[in-house]
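Chain residues, written in single-letter form:
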Amino acid sequence: MGEPVLEVDDLVKFYGDFKALDHVAFKLERGSIFGYLGQNGAGKTTTIRSILGLARPNGGRIRLFGIDPFKEPLRVFDHVGYSPELPTLQGFMTAYQLLDFTARQYGLTQQSRTTRIRELLELVGLLDHRDKKIGKYSKGMVQRLAIAQALVNDPDLVIMDEPTLGLDPAATVHFRDLFQNLIKDGKTLFISSHLLDEVQRLASHVAMIHRGHIVFQGSLNDVLSAFAGGSIIDIEVMNVSPTLVAALRNLPYVREVNVQGNRLAVHLTSDTDRRGELTTFLFQQGATILSFTHRNLRLEEAYLQVLRTGGVAPAS
Amino acid sequence: MNYEWRRAIARRKVLLLIIVTVLFEVAPFVVFTTLREPTIQNFIRAFSDIAWLIGVLAPQGLFIHLTALLIAAGATAEEYEQGTVDMLLTKPLTRIEYMTGKFLGGFTLAGFVSLLLALLGIFLARVTFGPQQFLEYAPLVWLSSLYTLLLFYSVGFMLGELYRRSGHALITGVSVLISSVVLTGILFFAFTLTQDKFYLSLTKVLPSWSTGNLPNMVATELFLKNRVISFLQFGPPIEGTIPEAAAYVLVYAVASIAITVARFLRSDIPRRTI
Ligand SMILES: Nc1ncnc2c1ncn2[C@@H]1O[C@H](COP(=O)(O)OP(=O)(O)OP(=O)(O)O)[C@@H](O)[C@H]1O
Ligand SMILES: [Mg+2]
């Protein structure tokens, strides 16, 4: 039971001379939501396709529930659901037909198919469109259906490549709840995404891949606290000058200042509250403060930090 | 397998094939009944009792193989083009099972077209020329025709898997078929000039010889004996035996399937290719 649901070790994948995955390794514990982050072309989809046997890795070891998926695909795929990136489904089928076809592939009986399909269509909000040809679906509807078909077999592990791409805001919220409910049922989720806010709300664990290397992995809290000590002060001032920014950067407790218009995000080196010192300092510099808030680091900022530092957490 | 049929029906391929089949079968009978010249009428009378053979054998030269190529070229390639293969292969299904299903699904479809052609041919012969002889041999002749389908079907299937593009696979497959016919003509010409039998043996190696002539050879062996219907012989008269022709079909089919499987098992499943 303590065995990881998914274990990837030393995964290497070449496309010709191009090394898309360079000794990728991570683990998914049962019941976690694993956020897999990385820039465009970092290797997220390649990793997922390798895990599923759609791409043949050049080296490394993959274990799903402790089983080698290349040796025993039948045992593994009974317990895995997969929703691909920008899914394309059989356009000539209706949603109902596709789910029925999928359920047959898993060997579900006629009776359990009927109830299961109804349940899933309802869950993803497609019940009204069940008899429409998938070819006539909108992008978000296809995405919803792709998620539904990934759940047909009540899988223990659901792997989703950018599942919220193309979903409208209400659907995004709905699916966030849905994913959280899946975890309550004891499932494990692997989600690759660019939407860092989304991942921050959902994930319990994250890994970041950068140019085929895993640059960071751990629990969400680990990531957030490992970088920038976990806190930031957002300041809006009337007149931002380069001298002001330079002066801020020179403060011993400031690691970094990001400037956007007249907003400054001041990354602190530690969690210590520096609001008092900082307001005094700004006042001395002659800056007019419009707003001032202390907050925790966002995943997005941690992510950008990771990219800058190449995955090495700055000494704090 | 069932899936492959649904896919074909949905893509209106089946409808297209049925329409073309009907047109193809009706045409020769219309021609035979409208040509009123006495010499032609005499000629027709000479074989009107076995006119059903026309229906069964006429597609053998080109048409039925084009059909096989059309179906086979898209069997796996269209799944890549549309990106639907991912969904199929991440289910509890081995790659070999997937391939087998694809191969058989498409082949039964091609076989269905071939059966339709044969039945329609027999029916039209009966209607235009009255009672037919030797119909008891029709199933065997048809089966031999079905067997020859294996060659171009397997070649098309292989090309689809190699290119992962149905269009490219189809064009290449058709080129192979047509250049094989053209080459046969050139080689036969070389033979008439030199009388060197080597050129004849070369023509038999080409895929069009066995696929074009095996059913005719079977019919000759079974009941035609010395009644040669020259226009049902595809290409120049080249002597050969039934086992020889059957072996060539088998060799091509097995080699193509082996290449397909080797490629499929080793390579990445491509992301959507169009
Ligand atoms: N079939 C292929 N042939 C050659 N290179 C490929 C192939 N597939 C992917 N790549 C390359 O591998 C790298 C990783 O691609 P991958 O699709 O895994 O990125 P990703 O992290 O999923 O990006 P995105 O966020 O844009 O989806 C990219 O540089 C890409 O160009
Ligand atoms: Mg991707």
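See above for the structure.
Conventions and cut-offs
Residues numbered from 1 in each chain as written. Chains lettered and ligands numbered in written order. Predicted model: local features only at pLDDT ≥ 70, side-chain atom pairs only at ≥ 80, totals over all residues. Heavy atoms only, no water. Donors = N, O, S within 2.8 Å, 3.2 Å for Na, K, Ca; no water. Helix = DSSP H or I, 4+ residues; strand = E, 2+ residues; numbered from the N terminus. Pairing = 2+ DSSP bridges. Axes fitted to C-alpha atoms, helices over the stretch in contact; angles between N-to-C directions. Contact = heavy atoms within 4.5 Å. Salt bridge = Lys/Arg side-chain N within 4 Å of Asp/Glu carboxyl O. Buried < 20%, exposed > 50% of the residue type's maximum accessible area, 1.4 Å probe, protein only. Phe/Tyr/Trp six-rings, centres within 6.5 Å; stacked < 30°, edge-to-face > 60°. Lys NZ or Arg CZ within 6 Å of the ring centre and 35° of its normal. Buried area = accessible area lost by both parts, 1.4 Å probe. Polar contact = N/O pair within 3.5 Å; in protein donor to acceptor, adjacent residues only side chain to side chain. Near = heavy atom within 4 Å.

**Q** For this particular structure, what's the right way to read the coordination of the magnesium ion (ligand 2)?
**A** The reference angle at a metal is 109.5 degrees if four donors form a tetrahedron and 90 or 180 degrees if six donors form an octahedron. Around the magnesium ion (ligand 2), the protein contributes the donor atoms T45 of chain A (OG1) and E85 of chain A (OE), at 1.9 to 2.3 Å from the metal centre. Of this pair, T45 of chain A sits in helix α1 (residues 44-51) while E85 of chain A sits in the loop between β5 (80-83) and α3 (95-105), placing them 40 residues apart in sequence.

**Q** Quick question: what am I supposed to make of the sheet that holds strand β6 (residues 157-161) of chain A here?
**A** Within a sheet, neighbouring strands are paired by backbone hydrogen bonds and run either parallel or antiparallel to one another. Residues and elements named next belong to chain A. Across the sheet, which stays open at both edges, the six strands sit in the order β5-β6-β7-β3-β8-β9 with mixed pairing between neighbours. With one partner strand each, in any of the chains shown, β5 and β9 (213-219) form the two edges of the open sheet. Taking the axes of each pair of neighbouring strands and ignoring which way they run, one obtains an average angle of 15° across the sheet. Examined bridge by bridge, β6 and strand β7 (residues 188-193) share five bridges and lie parallel to one another. Looking across to β7, one finds that I159 is bridged to F190. The sheet strands contacting helix α6 (residues 169-184) are β3 (33-38), β6 and β7, and the helix crosses β7 at an angle near 150°.

**Q** In this structure, what is going on with the environment of F92 of chain A? I would like to understand it.
**A** Mapped onto the elements of the fold, F92 of chain A is located in the loop between β5 and α3. Along the sequence, F92 of chain A and K132 of chain A sit 40 residues apart, while their C-alpha atoms lie 9.7 Å from each other. The residues touching F92 of chain A, leaving out its near neighbours within four places in the chain, are Q97 and K133 of chain A together with Y3, R6, R7 and A10 of chain B.

**Q** Quick question: what am I supposed to make of the pattern of salt bridges here?
**A** If charged atoms from side chains of opposite charge come close, those side chains can pair. Counting across every chain of the model gives 24 salt bridges over all chains. Among the salt bridges present, the one from D168 of chain A reaches R144 of chain A, with a minimum N-O distance of 3.9 Å. Of this pair, D168 of chain A sits in the loop between β6 and α6 while R144 of chain A sits in helix α5 (residues 139-150), placing them 24 residues apart in sequence. On the basis of relative accessibility, which here comes to 39%, the residue D168 of chain A falls in the partly exposed class. Exposure remark for R144 of chain A: the relative accessible area of 17% places this residue in the buried category. Note that R274 of chain A is salt-bridged to E277 of chain A, the shortest N-O span being 3.0 Å. Sharing partners across several salt bridges, the network here consists of E4, R7, E78, E79 and K102 of chain B.

**Q** Sorry, what's going on with the side chain of H267 of chain A here?
**A** Mapping H267 of chain A onto the fold places it in strand β12 (residues 263-268). Taking the relative accessible area as the measure of exposure, H267 of chain A reaches 1% and is therefore buried.

**Q** Looking at this structure, I do not really get the sheet that holds strand β1 (residues 6-15) of chain A. What am I missing?
**A** Residue and element names in this part refer to chain A. Here we have three strands laid out as an open sheet, ordered β2-β1-β4, and antiparallel in their pairing. Edge strands, defined here as strands with exactly one partner in the open sheet, are β2 (18-28) and β4 (59-64). Pairs of neighbouring strands in the sheet enclose a mean axial angle of 20°, with direction left out of account. Relative to β4, β1 runs antiparallel, the two being bridged by five bridges. By the bridge assignment, V12 is partnered in β4 with G59. Along the sheet, α1 makes contact with β1, β2 and β4, crossing β2 at roughly 65°.

**Q** In this structure, what is going on with the packing of aromatic side chains? I would like to understand it.
**A** In this description, a pair of aromatic rings is defined by centroid distance and the angle of the planes. In the structure shown here, the tally under the stated rule is 24 aromatic pairs over all chains. Ring centres of F134 of chain B and F223 of chain B lie 4.8 Å apart, and the angle between their planes is 25°; on these two criteria the pair is classed as stacked. A residue pair is termed long-range when its members are at least 10 positions apart, and F134 of chain B in the loop between α8 (95-129) and α9 (138-163) and F223 of chain B in helix α12 (residues 207-224) qualify at 89 residues. Given a relative accessible area of 6%, F223 of chain B falls into the buried group. Among the aromatic residues, ring-to-ring pairing joins F26, F34, Y36 and F190 of chain A into one connected group. When the ring centre of F264 of chain B is taken as reference, the NZ or CZ atom of R95 of chain B above it lies at 5.3 Å. The aromatic ring of W209 of chain B is capped on one face by K204 of chain B, whose charged end is 5.6 Å from the ring centroid.

**Q** Which parts of the structure should I look at to understand the interface of chain A and chain B?
**A** Size of an interface: often given as the accessible area lost when the parts come together. Counting residues at the interface gives 29 residues for chain A, matched by 27 residues for chain B. Taken over both partners, the interface formed by chain A and chain B buries close to 2400 Å², and the fraction arising from carbon and sulfur atoms is 57%. Taken together, the links from chain A to chain B amount to two salt bridges. A salt bridge links D268 of chain B to K13 of chain A, with the shortest nitrogen-to-oxygen separation between them at 2.7 Å. At the boundary of chain A and chain B, one finds eleven residue pairs in polar contact (both at pLDDT 80 or more).

**Q** Just to check I follow, could you spell out the site of ligand 1 for this structure?
**A** Around ligand 1, a shell composed of 15 residues is seen, among which K44, T45, T46 and E85 of chain A together with R271 of chain B lie nearest. The contact in question runs from an oxygen atom of ligand 1 to an N or O atom on the backbone of G41 of chain A, over 2.7 Å. One nitrogen or oxygen atom from the side chain of T46 of chain A is found 2.5 Å from an oxygen atom belonging to ligand 1. Secondary-structure elements contributing two or more residues to the shell around ligand 1 are β2 and α1 of chain A. If you tally residues by element for the shell around ligand 1, the top one is α1 of chain A, at three residues.

**Q** So what exactly am I meant to see when it comes to the pairing of β9 of chain A here?
**A** Along any regular strand, the residues point their side chains to alternate faces of the sheet. Bridge analysis of strand β8 (residues 205-210) of chain A against β9 of chain A gives six bridges, and the strand direction is antiparallel. Each residue of the ladder has a partner; that of I209 of chain A, found in β9 of chain A, is I214 of chain A.

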